[in-house]
Structure formats: structure tokens, C-alpha cells
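# Structure at a glance
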Amino acid sequence: MRVSIYQLFVRHFSNHKKSSVYDGSIAENGCGTFDGVTTRALEGIVEMGYTHVWLTGVLEQISATSYLGIPGDNEVLLKGKAGSPYAIRDYFDVSADYATDPEYRLEEFADLLERCHQLGLTVLIDFVPNHVARSYCSDVKPELNFGNEDECDRFFAWNNNFFYLEGEGTIELPTGAYPHETHGRVTGNNAATWSPGLSDWYETVKLNYGHDYTKGRDTSELPDANAELDDVPDTWVKMDAILAHWQELGVGGFRCDMAHMVPMEFWAWAIRRARLRDPSCYILGEAYDGDPAKMTSSNVLDALIEAGFDSVYDGDSYELIKSVVEQGRPATDLDELLWSPNRLDFMLRYAENHDEVRLGSSHHWRGQGGILNRAVTAFLTGVGRAPFMLYNGQEVGEVGDGAEGFAQDDGRSSIFDYGHLPALSKWTNEGAFDGGGLSEDQRSLREWYAEWGQLMREPAFTSGGVYGLNTANFANETFRAENEEIAHHVYAFIRHERASGEAFLVVINFHPEKQVESLELILPEGASAWCGADLAPKLLLGSIGPGGVAVFSLDL
């Protein structure tokens, strides 16, 4: 099975209130709920061919909103009134924002899990191992609070949960003083200072995995994957308890935030234990090899796969396709992806997620991402056997334009502010989830995503290989957009699986304005040998419109 993940940010997805008050409260702008993600909503995701759903930001996070006598957080910690979903306040609880009745929030979350399971969807949630909110305090399992037994007068100790600053004082955040911290602690992005800056992850504190990150990347002193609970640092024990807690509730896997900032030895140990509890537990890592904070000297993507991850973010492929669109590089440069087996098989592909800009943003993708939505997605998901992910709203052309509060007009849908997704809400349609408000273009785009998602479940795309055709067609006068003198905007490849004999030809036009006319594609002898069949030397394929994707079944 080829894994396909639908990223569902509950706050947006099932929020049917359409007001957009700048920096608005939950009362003014509304918030999605677990109950609002109905069976019909999930059926719509299954109909598009998705196997997994990542319920984003559901753990209890810092927030301006108070519930059940528990006050909201100090305003100096808040990035937006909704707060950052990656500043976790209680690892064993879910956000009361998403509950119809906050007192029964965990029961409502469990009901949502059951609805997903009944439709065959595996549920992932966030696991944020590198840092927690400065205000972290578990009400569910206070005995497992971080820092309970720390030696706070030492920057580093093997069994400490945090890294502590020298001296005494008050943490001065860029938003104001935070007087509730008895001992100063290092921020989530390794800033060891009493006065972190605006670009620091100042609302969070870094967790300690038994290695002093200031001493380099050699973590060989840490326990191995088979170590017993009594032989590992205290943070490992608590993190294992967190994973076990959610697995017992029915969570089928985890999207691990900034996985490269945590020692590889911990991952090998924790993943082994998670899979002893559930052999099918799916582990996805957000990681970037170019980050100086990575905890390995080798390629972090390879190291995480070796540690047991099922897949890791493919930021390189995302940047590759973005550079083709934004910098005008020739489509043939996309062949770079075909040279790396790991990227073809294990690296998670995405054209959008909550950290990246919307394809339809007027500020990015040269303002052409909306037109090229199908083309970008078809390339990233169609080349290779790797898992792929779609961010809610992408399938109906969400644009992400406009300032919402803490998140300014940056081309993203804010994860810090209360609000809704204007395009997606036309599909959710007041909870009917029938697309009743979609325009013709939006409906057509979503239908394409459904058809493409089903195509990606065919053997040629789940287990077959890929053969690029751009080199053979570089001099082909028909292999170019209208009036172009050289091949620049067209990309073509074959997907073929030998066991089934199935083969598909995919041709993509990356030009946002011009069509490819009367394309006569050259199939070289190498393609015939690779397919194990006598392919015609040329195929007359007709025209492909701007941003279009054409798929042909090859008769072998």
C-alpha cells in the first residue's frame, strides 16, 4: 500500500463560522471541533483515495482561552489568540478548543478516532519531542511533568529534562517579561539566553535527551535501541509514556516535529518500543538536513530512515519544483529527483502544509501556483513510490492571502489565529460536506484531486518504477509550449510495474498561459527495453492546456 496523508487542521476544517475579525477571539471567529469532523466529512477524504489522516494541532497547547477554571496563558507567551499548536501545555490531553463540551474533550476525540477507524483511515497526531511550552504542566499525569526532579543549578545533567541558564533573573521575552519561570531555560531553537529574540521560539523550552547539544553531534554515549527503561535518560521514559498513552487510545502513528533536533539513538529506542505495542505504527518525520541544529553528522534523512522512520519530509523536492516555477528553471531539471532512490521511495512529498505557503498565494509561486496546482501536485506525487500529503484546502485552491492576526499576509493559512478557510468552507458547506458552495473551477479541481488520488493507488504508482522522457524529447519541436523555441515547460515520464504489466504515460505542462499543441512524443528504445515491450517510437498525444496534466494508459 502506498501511504497518502490528508492533513486536517481541526481548527480550520470544521469551523463553519465565516467571520474574519483581525486577531479575533474564538467567540468572534469560531473554531472547528472534533464532533464537526463527521463521518460524511471523512468519507470525502476516503473518496479522494487517502489512507491516513493527520489530525494537526490537537494536543493541549498554550492559548488565550480559559476552560473549566483553568486560566488562559500569560499573553507574553502567545503567538496569536489561538496560540501555537507546537507549544504543548499538556502532552496527555487535547485542546478544549475542539470540544463541544470541554469537560468531555478526550471522549469526543476518542469518538473521532472511532469514526476514522470505521472508514479504514489510520490516524496520525503530532509528536513534538524537541520542546514544550514554557507553561507546560500536565493535569492528566502530573507525576510525569517535565522538570520535577531536575538539578536546576546545572546547564546540563543526564537525567534533567531541560537545559538551565546560569545565574538568576527574569526571562525577558520580546513580548514582555515572563515572571513565572523560577529558573531560566534554553528555548526550543537552542537560544541559551535570558532575552530571546522575536525570531527565537521564545514561547517554548528545549528538552534534554541526555546529550549536551553544545558539545557537538556525537551522541554515541547514549543508550542503544534495546535499552531497558531503567537505563535511559528520564526524558526518554516520559516520551515513551506519551507515545504509549496515545497508542492505547487508538492513534495509529505520529508526525514527529523537527525530528532532526533529537538524537538518533532516542528515535531507534522509542520507535522500537512503539512498534512492540503496535507493529503497524506509522512514524513520519519533519526534518531538514540543512539545519545546523541537526543531531547527526550524516545525512539526517538517511539517519532517520535507519532509525526506523517510515518516511521523512522531502523538503528538497518541494524546493526543486518551487524553483522551476519561481526561478524559471527548465522542467528537465526535475530529473534531479530521479537520481535518489531514498527520495523516490521514503521521502514524503507535499506541495503544501501548514509551514509552507499556499499554491494559490498571490505572493508566491510567481502568482501562478493556482494555475499550476495540478501540475505541481502531479509531478511531486506521480514520480516515485514515496508517500504523499495534501493539506486541507489545497484540493479547492485555498489562497492563504490576507492578514489574520499574529500571522500577517504571508501566503499561509494561520495556525496561530482563530479563523476559517474561505475556499474549503464552500466544500464543507455548513457541515453538509457536499461542496454546495464551490465554484465550477473549485469543483473541477477537487474532482481532479479525487481522480488523481485514485490513480495513485494503481500498481504502477504504488510499486512500479519511473522512466523520464525529457532527455529523449529535448530536440522534439512539438515537446514545448506554444511558440517556444526550446523545450522548457513540458515534463513527461512513464510509470510501469512489471508484475501487473501496468504502465502509464504522464505529460505535464508547467506553462501557466500557453498550451502544448499537437504533441508527438518520442519514446526511445531504452524505454521499450525498460518496459519489456515494443513501444511505438512516437505517440501522437494532441494538446495539453496551461498547467494541464495528461495521463495515458500504455498497452504493453
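The text that follows walks through the structure, step by step, so that each part is easy to find. (Residues numbered from 1 in each chain as written. Predicted model: local features only at pLDDT ≥ 70, side-chain atom pairs only at ≥ 80, totals over all residues. Heavy atoms only, no water.)

### A closer look at the overall build of the protein
- On a plain count of helices and strands, the protein comes out with 14 helices and 20 strands.
- The C-alpha atoms of the protein give a radius of gyration of 24 Å, which matches the 24 Å a tight globule of 556 residues would have.
- A total of 556 residues make up the protein; the buried ones form 59% of that total.
- Here the contacts in the protein between residues at least 6 apart in sequence split such that 74% fall between residues at least 24 apart.
- Of the accessible surface of the protein, which amounts to about 20800 Å², a share of 48% is contributed by carbon and sulfur atoms.
- Each charge sign in the protein was given a centre, from 42 positive and 86 negative side chains, and these centres are 2 Å apart. (Helix = DSSP H or I, 4+ residues; strand = E, 2+ residues; numbered from the N terminus. Rg over C-alpha atoms; globule rule 2.2 N^0.38 Å. Buried < 20%, exposed > 50% of the residue type's maximum accessible area, 1.4 Å probe, protein only. Contact = heavy atoms within 4.5 Å. Areas by Shrake-Rupley, 256 points an atom, 1.4 Å probe, with all protein chains shown as cover. Lys, Arg positive; Asp, Glu negative; His and termini not counted. Charge placed at Lys NZ, Arg CZ, Asp CG, Glu CD.)

### A closer look at the pattern of salt bridges
- What the rule picks out here adds up to 27 salt bridges.
- R385 is the salt-bridge partner of D345, the closest N and O atoms lying 3.1 Å from each other. Here R385 lies in the loop between α10 (373-382) and β14 (388-391) and D345 lies in helix α9 (residues 341-345), a separation of 40 residues in the sequence.
- Among the charged side chains, a salt-bridge network with shared partners connects D126, R255, D257 and E286. (Salt bridge = Lys/Arg side-chain N within 4 Å of Asp/Glu carboxyl O.)

### Quick look at empty space enclosed by the protein
- Considering all chains together, one arrives at 4 cavities of 30 Å³ or more under this definition.
- What the largest cavity holds in volume is close to 140 Å³.
- If you trace the largest cavity, you find 14 residues lining it, with E60, Y67, R89, A96 and R105 closest to the centre.
- Among the elements of the structure, β3 (59-61) and β4 (88-94) are those that each provide at least two residues to the lining of the largest cavity.
- Of the residues contributing to the lining of the largest cavity, the split by class is 5 nonpolar, 5 polar and 4 charged. (1 Å grid on protein atoms, 1.4 Å probe; cavity = no way out; pocket = protein on both sides within 12 Å on 5 of 7 lines; lining within 4 Å. Points joined across faces, edges and corners; volume = space filled by probe spheres on them. Nonpolar A, V, L, I, M, F, W, Y, C, P; charged D, E, K, R; others polar.)

### Remarks on the sheet that holds strand β11 (residues 282-285)
- The strand order around the closed barrel formed by 8 strands is β1-β2-β5-β10-β11-β12-β13-β14, and the pairing between neighbours is parallel. Strand after strand, the sheet turns through a mean of 30 degrees between neighbouring axes, direction not considered.
- Here 4 bridges tie strand β1 (residues 4-9) to β14, and the two strands are oriented parallel to one another. Directly across from Y6, in β14, lies its bridge partner L390. (Pairing = 2+ DSSP bridges. Axes fitted to C-alpha atoms, helices over the stretch in contact; angles between N-to-C directions.)

### Quick notes on helix α8 (residues 315-326)
- With 12 residues, α8 ought to run about 16 Å at 1.5 Å a step, and its terminal C-alpha atoms sit 16 Å apart, in line with that.
- Among the 12 residues in α8, 9 count as buried, and that is most of the element.
- With its phi angle positive at about 75 degrees, G328 sits one or two positions after the end of α8. (Expected span 1.5 Å × (residues − 1).)

### Observations concerning helix α3 (residues 39-47)
- Among the residues making up α3, those that are buried are A41, L42, G44 and I45. Within α3, the buried residues cover an arc of 150 degrees as seen down the axis, which keeps them to one side.
- Buried residues belonging to α3 abut β1, α1 (10-13), α4 (105-118), α11 (422-428) and α12 (440-455).
- Within two residues after α3, G49 carries a phi angle of roughly 95 degrees, on the positive side. (Arc of directions from axis to C-beta.)

### Re the pairing of strand β10 (residues 253-256)
- Alternating positions in β10 separate into two faces, G253 and R255 on one and F254 and C256 on the other, with burial throughout.
- Looking at chain direction, strand β5 (residues 122-127) and β10 are connected through 4 bridges and run parallel. Considered in β10, the bridge of F127 is made with C256.
- When β10 meets β11, the two strands line up parallel, connected through 4 bridges. Residue pairing across strands places C256 opposite G285, the latter belonging to β11.
- Between β10 and its parallel partner β11, the chain crosses via helix α6 (residues 264-277), and the hand of that crossover is right-handed. (Right-handed = clockwise from strand over helix to strand, strands pointing away.)

### Section: a negative patch on the surface
- On the surface, D35, D101, E103, E107, D111 and E114 cluster together into a negatively charged patch.
- Secondary-structure assignment places E107 in helix α4.
- Classification of E107 as partly exposed rests on a relative accessible area of 43%. (Patch = residues over 30% accessible without salt bridge, like charges linked within 9 Å, V, L, I, M, F, W, Y side chains within 5 Å.)

### Focus: unusual backbone geometry
- The backbone of D23 sits at a positive phi, close to 55 degrees, despite the residue not being glycine.
- Tracing the chain through its elements places D23 in the loop between α1 and α2 (26-29).
- Of note in the backbone geometry, E430 takes a positive phi value of approximately 60 degrees without being a glycine.
- Inspection of the secondary structure assignment puts E430 in the loop between α11 and α12.

### Some points on the side chain of R358
- Positionally, R358 belongs in the loop between β13 (347-350) and α10.
- On the accessibility criterion, R358 (1% relative accessible area) is buried.
- Reaching out from R358, the side chain makes a polar contact with the backbone oxygen of N392 at a distance of 2.9 Å.
- When near neighbours in sequence (up to four residues on either side) are disregarded, R358 contacts E352, W365, Y391, N392, G393, Q394, E398, V399, G400, G411, S413 and L421. (Polar contact = N/O pair within 3.5 Å; in protein donor to acceptor, adjacent residues only side chain to side chain.)

### Details of the sheet that holds strand β16 (residues 490-497)
- Strand order in the open sheet made by the 4 strands is β15-β16-β17-β20, with antiparallel pairing throughout. Each of the sheet's edge strands pairs with one partner strand only, and the pair in question is β15 (465-468) and β20 (549-553). If you compare each strand with its neighbour and ignore which way they point, the axes differ by 20 degrees on average.
- Docked against the sheet, α12 engages β17 (502-509) and β20, running at close to 40 degrees with respect to β20.

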